[in-house]
Amino acid sequence: MNSDYAATELAEPNLRALLGTAGLDVEYVRGEGNTLFRLGADGQEIPVLDFAGGYGSLLFGHSHPEIIARARQLLDEGTPVHAQFSSHPYANRLAAELNRIVHRETGTTEPYYATFANSGAEAIEAAVKHAELDRVLRLGELLERIAAGAERAREAVADGSAVVPDSLFTRLRTEPPAAGQDRTEAVLAAVAAHNAEPGSRPPLFLALEGGFHGKLMGSVQLTHNPGYREPFDALGVRTRFVPEGRADLLKEIAAEEGATLLEPVVEDGEIRLAEHRAPVFCAFLLEPIQGEGGIRPLTQEGARAVDEFRAATGCPVVVDEVQSGMGRTGALLASAALGLRGDYYVLAKSLGGGIAKASVMLVHESCYRPQFELVHSSTFAKDSFSCHIALKVLELLEADGGSAYRRAAERGEALKAMLDRVRLAFPTVAAEVRGRGLMLGFEFRDQSDSPDQVLGEAARTGMIGYVLAGHLLHAHRIRTFPTASAPHTLRFEPSLLLTDEEIGRLETALTDVCALVRDRASDRLVTS
Ligand code: F0G
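Residues numbered from 1 in each chain as written. Predicted model: local features only at pLDDT ≥ 70, side-chain atom pairs only at ≥ 80, totals over all residues. Heavy atoms only, no water.

1. Regarding unusual backbone geometry
- Non-glycine residue serine 63 carries a positive phi angle of around 50 degrees.
- In this fold, serine 63 is placed in the loop between α3 (53-56) and α4 (65-76).
- The exposure class of serine 63 is partly exposed, given its relative accessible area of 38%.
- A positive phi angle is found at lysine 382, which is not glycine, with a value near 70 degrees.
- Assessed through its relative accessible area of 35%, lysine 382 is described here as partly exposed. (Helix = DSSP H or I, 4+ residues; strand = E, 2+ residues; numbered from the N terminus. Buried < 20%, exposed > 50% of the residue type's maximum accessible area, 1.4 Å probe, protein only.)

2. Notes on the site of the ligand
- Around the ligand, a shell composed of 13 residues is seen, among which Gly120, Ala121, Asp320, Gln323 and Arg491 lie nearest.
- Contact between the ligand and glycine 120: an oxygen atom at 2.8 Å from a main-chain N or O atom of the residue.
- Here the ligand has 480 Å² of accessible area as a free molecule, and 81% of this is covered by the chains.
- When the residues that make up the shell around the ligand are grouped by side-chain class, the tally is three nonpolar, five polar and five charged. (Near = heavy atom within 4 Å. Polar contact = N/O pair within 3.5 Å; in protein donor to acceptor, adjacent residues only side chain to side chain. Areas by Shrake-Rupley, 256 points an atom, 1.4 Å probe, with all protein chains shown as cover. Nonpolar A, V, L, I, M, F, W, Y, C, P; charged D, E, K, R; others polar.)

3. Examining helix α16 (residues 500-518)
- Taking 1.5 Å as the rise per residue, α16 with 19 residues should run 27 Å; its terminal C-alpha atoms sit 26 Å apart, in good agreement.
- Among the residues of α16, Glu502, Ile503, Leu506, Ala509, Leu510, Val513, Cys514, Ala515, Leu516 and Val517 are the ones counted as buried.
- At the exit of α16 stands arginine 520, carrying a positive phi of roughly 50 degrees. (Expected span 1.5 Å × (residues − 1).)

4. Topic: the sheet that holds strand β3 (residues 45-50)
- One open sheet accounts for four strands, arranged β1-β2-β3-β17; its pairing is mixed. If you trace the sheet from one side to the other, it starts and ends with β1 (28-32) and β17 (478-479), each paired once.
- Where β1 meets strand β2 (residues 35-39), four bridges bridge the pair, whose relative direction is antiparallel. Each bridged residue has a counterpart across the sheet, and for arginine 30 the counterpart in β2 is phenylalanine 37. (Pairing = 2+ DSSP bridges.)

5. Description of the nonpolar core
- Residues Phe284, Leu332, Leu397, Leu415, Leu419 and Phe442 are the most contacted members of the largest nonpolar core, which totals 98 residues.
- With 16 residues, helix α13 (residues 384-425) is the largest single contributor of residues to this core.
- Setting aside residues no more than four positions away along its own chain, leucine 415 makes contact with Phe51, Leu440, Phe492, Pro494, Leu498, Ile503 and Leu506.
- Formed by 22 residues, the second largest nonpolar core is a distinct cluster that contains Val128, Leu222, Tyr344 and Val363. (Core = buried A, V, L, I, M, F, W, Y, C linked by side-chain atoms within 4.5 Å. Contact = heavy atoms within 4.5 Å.)

6. Here we look at a nonpolar patch on the surface
- Among the surface-exposed residues, Met217, Phe232 and Leu235 lie close enough to one another that they form a single nonpolar patch of about 310 Å² accessible area.
- The topology assignment puts methionine 217 in the loop between β5 (204-208) and α9 (226-229). (Patch = residues over 30% accessible without salt bridge, like charges linked within 9 Å, V, L, I, M, F, W, Y side chains within 5 Å. Salt bridge = Lys/Arg side-chain N within 4 Å of Asp/Glu carboxyl O.)

7. Side note on the pattern of salt bridges
- With the rule as written, the count across this model stands at 41 salt bridges.
- With its nearest N and O atoms 2.9 Å apart, the salt bridge here joins glutamate 398 to arginine 100. Highlighted residues: glutamate 398 in helix α13 and arginine 100 in helix α5 (residues 89-106), separated in sequence by 298 residues.
- Under the relative-accessibility criterion, glutamate 398 is labelled buried at 15%.
- Judged by its relative accessible area of 42%, arginine 100 is partly exposed.
- Here arginine 154 makes a salt bridge to glutamate 151, at a shortest N to O gap of 3.0 Å. Of this pair, arginine 154 and glutamate 151 both sit in helix α6 (residues 120-158), three residues apart, which is roughly one turn of the helix.
- A residue is classified by how much of its surface remains accessible, and arginine 154, at 29% relative accessible area, is partly exposed.
- Glutamate 151 gets classed as partly exposed once you look at its relative accessible area, which sits at 37%.

8. Observations regarding the packing of α6 against helix α8 (residues 183-196)
- Running from N to C, α6 and α8 cross one another at 170 degrees; their axes reach a closest spacing of 10 Å. One way to sum up the angle between α6 and α8 is to call them roughly antiparallel. Contacts between α6 and α8 involve Ile146, Ala150, Ala153, Arg154 and Val157 on the former and, on the latter, Thr184, Glu185, Leu188 and Asn195.
- Tallied by class, residues from the contact of α6 with α8 come to five nonpolar, two polar and two charged. (Axes fitted to C-alpha atoms, helices over the stretch in contact; angles between N-to-C directions. Parallel < 35°, antiparallel > 145°, perpendicular 65-115°, else oblique.)

9. A few points about the packing of helix α10 (residues 247-257) against helix α11 (residues 300-313)
- Close contact between α10 and α11 brings their axes to 9 Å; oriented N to C, the two are set at 20 degrees. The orientation of α10 relative to α11 falls into the category roughly parallel. Judged by the sense of rotation from one axis to the other, the crossing of α10 with α11 is right-handed. Note on element contacts: α11 touches α10 through Ala305, Val306, Glu308, Phe309 and Thr313, opposite Ala247, Leu250, Ile253 and Ala254.
- Split into classes, the residues belonging to the contact of α10 with α11 amount to seven nonpolar, one polar and one charged. (Left-handed = near helix turned anticlockwise from the far one by under 90°.)

Below, the structure written as structure tokens:
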């Protein structure tokens, strides 16, 4: 390779430089359990306790021996990883196993059909595309029915079995035609005029404020953070963001955005109009626990408000379990504990066992459109390697009567108890501990007014979480990060292998960080 090229940094140099300002641009050379290893100047491995946990993809830790053994076995056996357009019994087994668990946790019995993908954002987009296909087909079916109704109305008036009453014109807010003019055609034209706009309106999406659903062209429009979304506004769909738990606001949106389609029907010797809800809402996306938005659990009340909106509008609900799912909160679905039923579920991250890129979109039978299988695909999705690894992950979760779920919940409680202890010890520094299971956040109070110049400046520029993460790394060999849209919140998503000793190490480290912030002592920051 040309040495000039080798010396030039071309793989996201700006991001690396930014991480470098907080001392976070270190290279890790090996991972095992909750530990990542970097190399010291002497070439020796330095262990770092990893609470970032691949942002949630490492429920079983780095290099889990059983997952690695399964991967080796698959490669040694020469498993054909890419055999598109053939029978994929392993994908079917994976879909069946996911269904069995979803049914157990939600109490539903109808099937959810599975579409596999490669990343969280891609599976979100598959769900959105499916919801849009379903909406367009429902709309088409309705418009066809309306066209047939118009034809029947014409025939009934022509053969004298029905008349067009004046009340129809009043209802359509239009004048009856002059004598001698065709009343039927006048009514049908007014009906067509009424239906034209709701019948061709672009779909509307709803999502929660603070939500994160990915950064691809479609999914970024459903992600709340304007910094990610706004530059790409012109590429995307229309989304209304709502704060959680605002049933009143959702009612307003249902009224404001909802629309009806009118169908001419022949009844009791006259033409009447039947009203149908126009399918203008495509999907409502939400996370049961917002991850990137600052580890914010959805409340029961918030879940109920979404359910009511679905009942009122027919808008399907996409439950994004990309980060919260796969056992992290003690169940496959974090939403099950809220009693929230998804028309769609999206799972990713730990589904790939920390080594495969795998995600899945599950769609409830009641809205499933089989033709979706012919219009959506990816070269890499549903490959045998990631399906087999995902099956291994489910086997590990389900083994021993579900002890992994119980362990995730129990370890999460132990970690949360420690975070709460630190919060209580530093009331002027710590604002809140949030989350469930092994998905926890520790929020610092705003330090923008800190007389400590370094801390104050870092808070004002949204860098404080990164600065504190840099100190945790260099002073305590602990890795974590703030969530990108809530820079005052550090997130903790370790694997279920988490030990009491590891919790103790974090307690010591976090206590040091809180004392440093309380003492306004940026001179104690260790940055390399
Ligand atoms: N949905 C949720 C809830 C997520 O947390 C993420 C990613 C995605 C979708 C997109 O998945 O990265 O595989 O395309 N969250 C990461 C985070 C990036 O910072 O929490 P992806």
